[in-house]
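Architecture at a glance
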Amino acid sequence: MDYRQEIERRRTFAIISHPDAGKTTLTEKLLLYGGAIQLAGSVKGKATARHAVSDWMELEKQRGISITSSVMQFEYNGYCINILDTPGHQDFSEDTYRTLMAADSAVMVIDAAKGIEPQTRKLFKICAMRHIPIFTFINKLDREARDPFELMEELEKEFGIGTYPVNWPIGCGHDFKGVFDRDRREILAFQEFHRGQNKISAIECELTDTERLDELIGHLMREKLVEDIELLDGASYEFDLDAVRAGELSPVFFGSALTNFGVEPFLENFLSMTTSPLPRETADGEVDPMGEDFSAFVFKIQANMNKAHRDRIAFMRICSGRFERDKEYLHVQGGKVLKLAQPQQMMAQERAIINEAFAGDIIGVFDPGIFSIGDTVCAAKHKVQFEGIPTFAPEHFSVISQVDTMKRKQFTKGVTQIAQEGAIQMFHAPNSGMEEVIVGAVGVLQFEVLEYRLKNEYNVDIRRRDLSYGYIRWIEKTPRKPDELNLASDTRWVQDFHGKDLLLFNNEWSIRWAEQKNEGLELSEFSRNW
Ligand code: G4P
């Protein structure tokens, strides 16, 4: 196969959801279809995901699991699929956001009884920022669910996108009869004998065939379905593939991942609607994924489990061309040409050393400590530099200091290095240097990681005092100097280690206050890095 065909058949997406909506279950079912795993229950189980927050040692051990399950590649119907896992639960961190920078589309799993939940909201924002296609899988229809129209309205209102239900549920919970495929005009029946089977036979059935429908789903359900579909056909958005690909219209699917109902039709529709690898922005315009020359950017760095060797794995998203194991490439930020050592890819559960990979793929390479998040690696003869990965607003803040004042130097070095790796963010009061270090994290577990690593790698014990702030915004534009702004009394001005100005807030009310009382003040939830 020519390298262009290899790229063309790649589909790289992230699955996003609030914990418990069914992300793991759906991922597992998708892997089963691809034949990548044989048994349900093989994907990272609950027991491992729910580790104690304070037990960082335990976490260290489990890192092996999160590395192998962070990207999963499998084949299905001629497509080569890369699923990116977005860690949730206590593992929720800035890494979760960064992973989305490597995806070309997102699948949003929603619990039909709950609708949109906080973590879905956060992750959706990042997808929307990138205008990538977003597909919605409304899960757990085998349980009591909210009214589907209400769910559609919630998605449209909260997320400001259009929705296009590809199929529509017929009842829910005990009365769940299946879904109606709007395009094919057929019913996928959810019946006892279909449960747990991989193939669910579709029953072609026109809505006008009253007798047949009554037989299939009963008189009352039939009436409701006909009414619903009429309403949908008349009032909902038209299907528009361009709008889907621009992230403006989300195709919606109803199903039940646990019973495997609706997963295969979802996968098939998804694969035909989503895109092959998308072009990426660089300092000098877009890079064509089909271009011959290799280029990639680093979106995640994972400290290795093996303590004897302080090595790390840098995860890269290939943006164009073909990667070859024996070739040398240019690390743009380091200005050096090098061979990427131990290139590996995750095939479902296993890590394998690879000889080649293509645009759309994620590879992990051995990092002797040279890579930073957002770095570009490319063919030396065709140098490009990708737009850096933004820094996202943390939501938890602490003031830290070293216990032993003699260890000031190690403390500063340690915190700075860990911040450079992107594990935490570091802020300080303007013009105060490192007098008082404020650290910020997207997930609280990152503080535990920081404390543990400072002690183990830098031999520094720290004191930590949590701050009540929950929001931080970068100042994009300001009519006055930050200390002359009209701010609520509990709002605080700080700087990050690039010297950029930020404001710390206790609540959303103070953010609105700042924006309303200072005309021309522009705040942002992330900071673009070039
Ligand atoms: P997550 O990765 O998004 O956190 O969710 P996960 O797939 O682990 O699913 C959360 C719980 O919801 C699990 O139950 C899972 O079995 C259940 N679940 C997932 N999809 C469906 C569905 O379509 N229908 C129903 N009824 N349940 C579903 P659990 O009891 O918390 O865990 P487990 O002991 O079953 O693993």
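Structure's up top.
The present account deals with the structure reproduced in this document. (Residues numbered from 1 in each chain as written. Predicted model: local features only at pLDDT ≥ 70, side-chain atom pairs only at ≥ 80, totals over all residues. Heavy atoms only, no water.)

This part is about empty space enclosed by the protein. Within the structure shown, the criterion is met by two cavities of 30 Å³ or more. In this structure, the second largest cavity spans a volume of roughly 30 Å³. As for the second largest cavity, its lining consists of S70, V71, L84, D85, T99, F299, K300 and F315. Elements with a contribution of two residues or more to the lining of the second largest cavity: β3 (79–85) and β14 (295–303). In the lining of the second largest cavity, the residues fall into four nonpolar, two polar and two charged. (1 Å grid on protein atoms, 1.4 Å probe; cavity = no way out; pocket = protein on both sides within 12 Å on 5 of 7 lines; lining within 4 Å. Points joined across faces, edges and corners; volume = space filled by probe spheres on them. Helix = DSSP H or I, 4+ residues; strand = E, 2+ residues; numbered from the N terminus. Nonpolar A, V, L, I, M, F, W, Y, C, P; charged D, E, K, R; others polar.)

A separate point is the pattern of salt bridges. Tallied over the full model, the rule gives 32 salt bridges. Here D104 and R317 are joined by a salt bridge, their closest N and O atoms 3.0 Å apart. A residue pair is termed long-range when its members are at least 10 positions apart, and D104 in the loop between α5 (94–101) and β4 (105–111) and R317 in strand β15 (residues 312–320) qualify at 213 residues. Pair check on accessibility: D104 and R317 agree, each one buried. Between D228 and K224 there is a salt bridge; the shortest N-O distance is 3.0 Å. Taken together, the residues D228 and K224, both in helix α9 (residues 219–235) and four residues apart, mark about one turn of the helix. When its relative accessible area of 41% is taken as the criterion, K224 is described as partly exposed. (Salt bridge = Lys/Arg side-chain N within 4 Å of Asp/Glu carboxyl O. Buried < 20%, exposed > 50% of the residue type's maximum accessible area, 1.4 Å probe, protein only.)

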